[in-house]
Amino acid sequence: MTNAFDAYRTSYESVVEESIAFSGLEHGFFVTAKADLLADVFGRHFGASRPTLLDVGCGVGLLHRRLTGIASRVSGTDPSPESLARAGSENPDNLYRLQEGSTLPFENGAFDATLAVCVFHHVPVIERSGLLANMRRVTRRGGLVAIIEHNPWNPLTRLAVSRCPFDHDAVLLGAHETRTLLAEQGLRNIRSRYFLAFPFRRPWVQSVEKAIGWVPLGAQFVVSGTV
């Protein structure tokens, strides 16, 4: 089995760096911002408990090394066997399984939380509901399903996507559309927030971004819902 992302097993970071070079920021800045956001989202939902987490479409697992202290156990799925091979070699304590289409290779209710980071814009529109249904299926009752995506209203985000070779097939979806997808799958307490409105890390940034999170300024957004 081959996958378009297999070719980027070793060059993923450099390709992304080139696509965002105009911003003057390194890719690690954006990865860390996502980890900080997830710490807040999970903290609000699970309290002091650290959830078991499935990262759907995890790629080479760059986010996973930053999830220590946020999740008690991390698993990942991806259609790219080469990407999974690298993820497993760099995160040997995690469990990685190959994903076939929209079917996730785990039992019902296997995880406290499921996550998809910048994955759905690669999924054909007619298949998005099926993938989300699978994410809901493998999440326990009372658990959390979360999707992080690019904000199509942000012009710099659109520029970065247009410059990235493995985003050539991207069909961006907005926060409203994502909330609708979660609602159609019966998820409850659906919340959304834009983030990455400021291109730097300061102690006050997270507080300000929370306050203005309803305004579509940030480069990306998160939508979450309870099973």
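Each remark here, short or long, concerns the structure printed above.
The shown structure was predicted, so the numbers you read here are calculated from the model rather than taken from an experiment. (Residues numbered from 1 in each chain as written. Predicted model: local features only at pLDDT ≥ 70, side-chain atom pairs only at ≥ 80, totals over all residues. Heavy atoms only, no water.)

## Some details on the environment of Glu127
- Mapped onto the elements of the fold, Glu127 is located in the loop between strand S4 (111-117) and helix H4 (128-137).
- Considered as a pair, Glu127 and Ser102 are 25 residues apart in the sequence and their alpha carbons are 7.3 Å apart. (Helix = DSSP H or I, 4+ residues; strand = E, 2+ residues; numbered from the N terminus.)

## Side note on the pattern of salt bridges
- This model, assessed by the stated rule, comprises 6 salt bridges.
- Ionic pairing is found between Arg86 and Glu90, a salt bridge with its closest N-O pair at 2.9 Å. Here the residue Arg86 and the residue Glu90 both occupy positions in helix H3 (residues 81-90), the gap between them amounting to 4 residues, near one helical turn.
- Arg86 sits in the buried class, given a relative accessible area of 9%.
- Here Arg128 makes a salt bridge to Glu177, at a shortest N to O gap of 3.4 Å. On the criterion of sequence distance, the pair formed by Arg128 in helix H4 and Glu177 in helix H6 (residues 175-184) is long-range, its members being 49 residues apart.
- Taking the relative accessible area as the measure of exposure, Glu177 reaches 34% and is therefore partly exposed. (Salt bridge = Lys/Arg side-chain N within 4 Å of Asp/Glu carboxyl O. Buried < 20%, exposed > 50% of the residue type's maximum accessible area, 1.4 Å probe, protein only.)

## Side note on the pairing of S4
- Most of S4 sits inside the fold, with 7 of its 7 residues counted as buried.
- Relative to strand S5 (residues 139-150), S4 runs parallel, the two being bridged by 6 bridges. By the bridge assignment, Ala113 is partnered in S5 with Leu144.
- Chirality of the crossover, the property in question, places the unit of S4, H4 and S5 among those that are right-handed. (Pairing = 2+ DSSP bridges. Right-handed = clockwise from strand over helix to strand, strands pointing away.)

## Thoughts on H4
- Taken together, the buried positions of H4 are Arg128, Leu131, Leu132, Asn134 and Met135. Projected down its long axis, H4 shows its buried positions confined to an angular sector of 155°, all on one face.
- Taken together, the buried residues of H4 touch strand S1 (52-56), S4, S5 and H6. (Arc of directions from axis to C-beta. Contact = heavy atoms within 4.5 Å.)

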